[in-house]
Amino acid sequence: MGRRGNDDRSLWLNDSADPSQQAGYADTGGPVINPSSSFTVSAWAYLTNDTQFQTVVSQIGSDVSGFNLRYSPSLHNWVFLWTWNSGGTQQQAGVNGTQPVTLRAWTHLAVTYDAATRTITLYVNGKAQPPATLPAAAAAQTPDSALQIGRARLTAGTPGTYSAYWHGRIDEVTLWQRALTSEEAAIETQLLRENDGLPALENVVDWNPDGATPGASTLADTTTGYGKVLTLAGGARLDGAAIVLDGADGSASAPGPVIDETGSFTVSTQVSLDPDVLLTKPVGYTAQAVGQRSADGSAWGLWYQLTGFEDDPETDSTVPVGFWHFGRLLADGTFDGVTSDASAAVDTPVSLAGVYNARSGTVRLYVGLDPDDVEKTFSVVLGSGDLSVGNGFNGSSDHYLPGRITDLRFWVGAAADRDQIEDIVGA
């Protein structure tokens, strides 16, 4: 993640499940904010282990962490904890998130404290969680030590004893000595680049089959550093240039989710549809190029729908006619999302990009470099299973795509316009 795009780096802390190896952290030379006044703390968090308490950022008070933004395994959620001493007894209060945590995906977290009202508000991907009011007895500890990134001091009376070490990555830790407004907290999730003011997009998946070993059963992402691996199944195969899908039972998948659907994201792929196989399908047939599995189907996907057939007088043949969709196939066979303006080309590579903007709650589809239709509102469904390529789900039904896929990439963040799509996709 970062305001400078691909040249930026995140803090990658120890991923080991062995507590004795959990020594990764970063700290400052001293206190950063005064917690007795209004303040805001924010960060991007990428969690790789959800079995232990883990700290994103904390600041040490008179003997323990006065505040602590962390993950709670018992709640499976984000928590902001305020700690103070009363009569020699350690007290705690705070605010809990209500959105489930997505493992191995970037999530933006922000917490504001309004000293006038003693209100704490936690934002997850720019969305406010139910706020909490600190009790009158809660006193801010005097900040007398460093800001900690990736660990906290939780036990009173044992200075220097740290725990709750972070597993994964942390980036863009930012603090203000004031409470941001809800609008400002939402803007922070966009992470605008300094050079041009466009959203900074973090490329988290890049599967490129060009040059892959023909006949191999897996395709690794060797570009982004996140190490996602795509596994082929059924009638799917690699031919050294593309993922070839038979439209019958060929597909590929990777453990998911690969992105947190409560935040903005962009997905792109290049697809060449097989017209011969489509001619064997019934009108209304739907197939998914790529999408995220949810509890009852697909949370979202790039879909193709066959709408009919027509005669081509130039070739004296029948050709399939259909359209692209970006969104979710509903149980009744209709789509929630956006549809391409023009019919889908077949037997030729076509670049597709889908953009979900969490701030506006809308989706947009690009075919080639052109935005199709208009932005449409989209109801978020959280992914809960594998990321699927060449097959989608609609209840118990499978939707296999016939054709070739030659590029597949994901970004955290919503591409702003056609120019930025061209910049990242290069189509």
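Owing to the predicted nature of the structure, the values given are computational and were not obtained by experimental measurement.

Caption draft 1: Local environment of the overall build of the protein chain. Scanning the protein chain from terminus to terminus reveals three helices and 31 strands. C-alpha atoms of the protein chain, sized along the principal axes, occupy 90 × 40 × 40 Å. Per-residue burial for the protein chain yields a buried fraction of 54% across its 427 residues. Across the protein chain, contacts joining residues at least 24 apart in sequence account for 66% of those joining residues at least 6 apart. In the protein chain, the 23 positive side-chain charges and the 48 negative ones have mean positions that sit 9 Å from each other.

Caption draft 2: Structural context of the nonpolar core. Ranked by size, the top nonpolar core spans 54 residues in total, and within it Trp207, Trp300, Phe326, Leu401 and Phe410 carry the most contacts. With five residues, the top contributor of residues to this core is strand E22 (residues 298-312). Of all hydrophobic cores here, the second largest spans 32 residues; its members include Ile33, Leu47, Trp78 and Val101.

Caption draft 3: Region of interest: helix H3 (residues 418-425). Among the residues of H3, Gln420, Ile421, Ile424 and Val425 are the ones counted as buried. The buried residues of H3 occupy one face: seen down the axis, they fall within an arc of 115°. Opposite the buried face of H3, at more than 90 degrees from it, the exposed residues are Asp419 and Asp423. Those residues of H3 that are buried are in contact with strand E20 (265-273), strand E25 (350-357), strand E26 (362-367) and strand E31 (402-412). Of the residues flanking the start of H3, the one acting as N-cap is aspartate 417, its side-chain oxygen 3.3 Å from the backbone nitrogen of aspartate 419.

Caption draft 4: How the structure looks around a nonpolar patch on the surface. Together, Leu279, Val283 and Phe309 give the surface a local cluster of nonpolar side chains, amounting to about 250 Å² of exposed area. Following the sequence through the fold, phenylalanine 309 ends up in strand E22.

Caption draft 5: Representation of the sheet that holds strand E24 (residues 335-339) within the structure. Reading across the sheet, the eight strands line up as E15-E16-E19-E28-E21-E22-E23-E24 and stay open at both edges, with antiparallel pairing between neighbours. Pairing within the sheet leaves two strands with one partner each, and these edge strands are strand E15 (218-220) and E24. Taking each pair of neighbouring strands and ignoring which way they run, the sheet shows an average axis angle of 25°. The pairing of E22 with strand E23 (residues 317-329) spans 11 bridges and is classified as antiparallel. The residue of E23 that forms the bridge with aspartate 311 is threonine 318.

Caption draft 6: Main features of the sheet that holds strand E2 (residues 26-27). Within the open sheet, the six strands sit side by side as E2-E12-E4-E5-E6-E7. Their pairing is antiparallel. Of all strands in the sheet, those bounded by a partner on one side alone are E2 and strand E7 (89-96).

Procedures and definitions
- Residues numbered from 1 in each chain as written.
- Predicted model: local features only at pLDDT ≥ 70, side-chain atom pairs only at ≥ 80, totals over all residues.
- Heavy atoms only, no water.
- Helix = DSSP H or I, 4+ residues; strand = E, 2+ residues; numbered from the N terminus.
- Buried < 20%, exposed > 50% of the residue type's maximum accessible area, 1.4 Å probe, protein only.
- Contact = heavy atoms within 4.5 Å.
- Lys, Arg positive; Asp, Glu negative; His and termini not counted.
- Charge placed at Lys NZ, Arg CZ, Asp CG, Glu CD.
- Core = buried A, V, L, I, M, F, W, Y, C linked by side-chain atoms within 4.5 Å.
- Arc of directions from axis to C-beta.
- Polar contact = N/O pair within 3.5 Å; in protein donor to acceptor, adjacent residues only side chain to side chain.
- Patch = residues over 30% accessible without salt bridge, like charges linked within 9 Å, V, L, I, M, F, W, Y side chains within 5 Å.
- Areas by Shrake-Rupley, 256 points an atom, 1.4 Å probe, with all protein chains shown as cover.
- Salt bridge = Lys/Arg side-chain N within 4 Å of Asp/Glu carboxyl O.
- Pairing = 2+ DSSP bridges.
- Axes fitted to C-alpha atoms, helices over the stretch in contact; angles between N-to-C directions.

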